Amino acid sequence: IIGSGPGGWAGAVRGWDLGKKTCVVESRGGLGGVAVWGGAIGGKVMLEVGKGLRRARPHLTWEAMAAADGGVWAEVRRRTRLAMLERATQLDQQLISLGQTRRFNRPTLKRAEKSGTIQKWKGGARFISPNQVAVGEDLIIEANNFLVATGSIPIPLPKFPADEKYIVTSQQLLKSAETIPQSVVILGATVLGCETATLLASLGTPKIHLINGDASLFPEDDADIAAFAMNSLERDGVHVHHQSYLEFAKIHPEERMVECRIVHTRWSQNVESGGQPVPHRISRTYRVEKLILCNGRIPNTEKLNLEAAGVECDANGAIVVDEHNRSKSAQHIYFAGDVLGKLGLSAVAEMQGRYAVEYMFSQQYAVKPSYEALSTVMHINPEVAFVGMCEEEARRRDLPHIVAKIVLENCASGLIKKYSTFLPVAEYGEKVEDPYEVPESSL
């Protein structure tokens, strides 16, 4: 198994469960992949800290807020690092336990009578033949089956290369910044871009510019969800530049700033051209502390040398797989997770990793994953959750459907949140001496 992220680790554990000898190759020092070391856990820790700051700020004086913000970033970095190390330690402890063979007592299951074993090797893996992988310079591993779960990497932009200090990816932000950035430009109004903007706003970044190439957020999703997300960003003070692109970025190290030129496209009707829309481009320059790249991700396969294994890729570089995520040209090699370039969700990667190993060795028990009711969460303020088919997708498929909407305040949980929120004294209404006595004026 190449890669120890959610997909690779889930596949390894299932191989152990089926009594197979499994070897996990990981280029990093610790297990967990991008989910641990690339920002997934760290980002969630930062989001939770930001939520706490949101609740605390209305009750703090300006002096207290300044003192809190001054120490927040150091505390965020400390807690994030501790969370990553603890998760990696948990996986290492599991690896020690799974490295030993154990006999099962499950007569009703016609599977392995005893477990397999899991070994880990550190180093970059590359295929040298259909059944051989070289790890580093000296080690060659031979196997009958392979599971590739190397995840994804940010799309490189030759025009705006990340220097890990001023121009950074979302994964590099925590390490590159010494304090909470006071001004940023975020390239890409993806889900990751919107979450990054929300995160920085909650931590106290006052100037946030989000570049969106489309006319609205998430054009493939429901319009009311996109409008909700837009309102959330605006409440947080995020300036969203619709129908815009980044034309120019220059680092000024002596000023510790990045000069960014954002070009906005406006359309107008031209009478002389028969009423056809004509674009008008307006550019503005901003000097910010960080340019954060959130422009999407691509499969992490460049260093695998898949050609030596006989794995076929299409014209766009995507791996050609069958319905079981197995290479069509090399059917002993399976893929799971972000490396497929489809659904970037940890739970999906785990499901695909388990299924791949199940299908390798016990096809009669393997249950093919269903993607019809996937759920995901967008961590803005407040969060937005999705499950299954959206309204826009139903329209595109011309499926009959009913839309139902309910206001949260009409639910018990909504009322609890409404009346459990502490407000400044000036925002309270009529004072009621007896908390169980309702004024007649409100009846």
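A short tour of the structure in this document, coming up. (Residues numbered from 1 in each chain as written. Predicted model: local features only at pLDDT ≥ 70, side-chain atom pairs only at ≥ 80, totals over all residues. Heavy atoms only, no water.)

### So, the environment of L95
Okay, so step 1: The residue L95 is located in helix α4 (residues 62–98) in this model.
Okay, so step 2: Sequence separation between L95 and T117 is 22 residues; the distance between their C-alpha atoms is 9.2 Å.
Okay, so step 3: Apart from the residues within four sequence positions on either side, L95 is in contact with W9, L31, I118 and K120. (Helix = DSSP H or I, 4+ residues; strand = E, 2+ residues; numbered from the N terminus. Contact = heavy atoms within 4.5 Å.)

### What about the nonpolar core?
Okay, so step 1: The biggest cluster of nonpolar side chains holds 24 residues, and the ones touching the most others in it are I186, I208, L210, L217, L233 and I292.
Okay, so step 2: Excluding residues within four positions of it along the chain, I208 makes contact with V184, I186, A197, L200, A201, G237, V238 and H239.
Okay, so step 3: A12, L91, L147 and Y334 belong to the second-largest nonpolar core, a separate cluster that totals 23 residues. (Core = buried A, V, L, I, M, F, W, Y, C linked by side-chain atoms within 4.5 Å. Buried < 20%, exposed > 50% of the residue type's maximum accessible area, 1.4 Å probe, protein only.)

### Considering the side chain of H252
Okay, so step 1: By the secondary structure assignment, H252 is in strand β12 (residues 244–252).
Okay, so step 2: Once residues within four sequence positions are removed from consideration, H252 is found in contact with M257, E259 and R287.

### Re the pattern of salt bridges
Okay, so step 1: For the structure shown, the criterion picks out 18 salt bridges.
Okay, so step 2: Residue R28 pairs with E26 through a salt bridge whose shortest N-O separation is 3.6 Å.
Okay, so step 3: Among the residues examined, R28 registers a relative accessible area of 31% and is labelled partly exposed.
Okay, so step 4: Residue E75 is joined to R79 by a salt bridge in which the shortest nitrogen-to-oxygen separation is 2.8 Å. Pair noted here: E75 and R79 are both in helix α4, with a separation of four residues, about one helical turn.
Okay, so step 5: Judged by relative accessible area, E75 falls into the partly exposed class, the value being 27%.
Okay, so step 6: The network of salt bridges with common partners includes E220, E393, R396 and R397. (Salt bridge = Lys/Arg side-chain N within 4 Å of Asp/Glu carboxyl O.)

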